[in-house]
Amino acid sequence: MRRSLLALAAAIALLPTAGCVVVEREVPGGAGQPAPPAGAPPAETPAARTDEGERQMERVVFDRVNAERAERGIPPVEWDDQLAELARQWSREMAATQDLRHQDLRAVLEGGQVGGYTSLGENIFSSTGQVPAGTLHAGWMRSEDHRGNVLEPAWDRLGVGVHCADDGSVWAAQEFGQTTGSDRPAFTDDLPSEEPVVHPEDDGPTCSG
């Protein structure tokens, strides 16, 4: 599967159905904007608010991505606020339509929803009931195509968005990016092996914090 200068997207649905879809889209080489500044991931213990559980889950998923990359000698990704907002909006959209699907990443780039990127990749998730942050991460790591995004050396930014719907379902997206002028290596065609998974546990915060 060719991944150079392509945005890789993978989807996983849990409870009760599971599946994976890979979508590749060519993206323009060079967005014409400088790389955005890196942001700060959500606080580990945010002030009490209605979305506290969602932000805590996002932080755990982000930290576990970098733990997996460190275990394999892959440079970490930095948090990006643009990508996090894109992920949150898409998670809310999937929940509103009850449809686990990918957004058009090419349109995102060309439409100016985010700036300073040459490539984007996406992992998405849904669960019919509340699950801890570890379930999202472990599910993505146990699937080849999702793991390919998590462990892709070419990505240098990541935003995570979790939405806890009123019906108890959980929707989430990871948006990976390669910034303009990035010195990361070229995209690889190799899919990383499953083991070792640093964090296989179904633990961590839930929608309720």
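Quick caveat: nothing in here was measured; it's all calculated off a predicted structure. (Residues numbered from 1 in each chain as written. Predicted model: local features only at pLDDT ≥ 70, side-chain atom pairs only at ≥ 80, totals over all residues. Heavy atoms only, no water.)

Caption draft 1: How the structure looks around the pattern of salt bridges. Here the structure, examined in full by the defined rule, presents 14 salt bridges. Arg88 is paired through a salt bridge with Glu58; the nearest N and O atoms lie 2.7 Å apart. Residue Arg88 is found in helix α2 (residues 81–97), and its partner Glu58 is found in helix α1 (residues 52–71); the two are separated by 30 residues along the sequence. Its relative accessible area of 0% is what places Glu58 among the buried residues. When the shortest N-O distance is used, the salt bridge between Glu194 and Arg142 registers 2.5 Å. One end of the pair, Glu194, is in the segment after β6 (170–179); the other, Arg142, is in the loop between α4 (133–141) and α5 (144–150), with 52 residues separating them in the sequence. In this structure Arg142 comes out as partly exposed when scored by relative accessible area, which is 39%. The network of salt bridges with common partners includes Glu54, Arg55, Glu58 and Arg88. (Salt bridge = Lys/Arg side-chain N within 4 Å of Asp/Glu carboxyl O. Helix = DSSP H or I, 4+ residues; strand = E, 2+ residues; numbered from the N terminus. Buried < 20%, exposed > 50% of the residue type's maximum accessible area, 1.4 Å probe, protein only.)

Caption draft 2: Structural detail: unusual backbone geometry. That bond from Glu195 to Pro196 is cis: its omega, 0°, falls within 30 degrees of zero. Among the structural elements, Pro196 can be located in the segment after β6. At Gln98, a residue that is not glycine, the phi angle is positive and equals roughly 55°. Its place among the elements puts Gln98 in the loop between α2 and α3 (105–110). The class for Gln98 is partly exposed, based on a relative accessible area of 48%.

Caption draft 3: Spotlight on the nonpolar core. In this structure, Met57, Phe125, Leu136, Leu158, Val160 and Val162 are the most contacted members of the largest nonpolar core, which totals 29 residues. Taken together, the elements giving at least two residues each to this core come down to α1, α4, β5 (157–164) and β6. Excluding its chain neighbours within four sequence positions, the residues that come into contact with Leu158 are Phe62, Val65, Val77, Glu78, Trp79, Asp80, Leu83, Gln174, Glu175 and Phe176. (Core = buried A, V, L, I, M, F, W, Y, C linked by side-chain atoms within 4.5 Å. Contact = heavy atoms within 4.5 Å.)

Caption draft 4: A look at α4. The buried fraction of α4 amounts to 9 of the 9 residues, a majority that puts the element mostly inside the structure. Restricting attention to buried positions, one finds in α4 the residues Ala133, Gly134, Thr135, Leu136, His137, Ala138, Gly139, Trp140 and Met141.

By themselves, these figures tell us nothing about what the structure is for.
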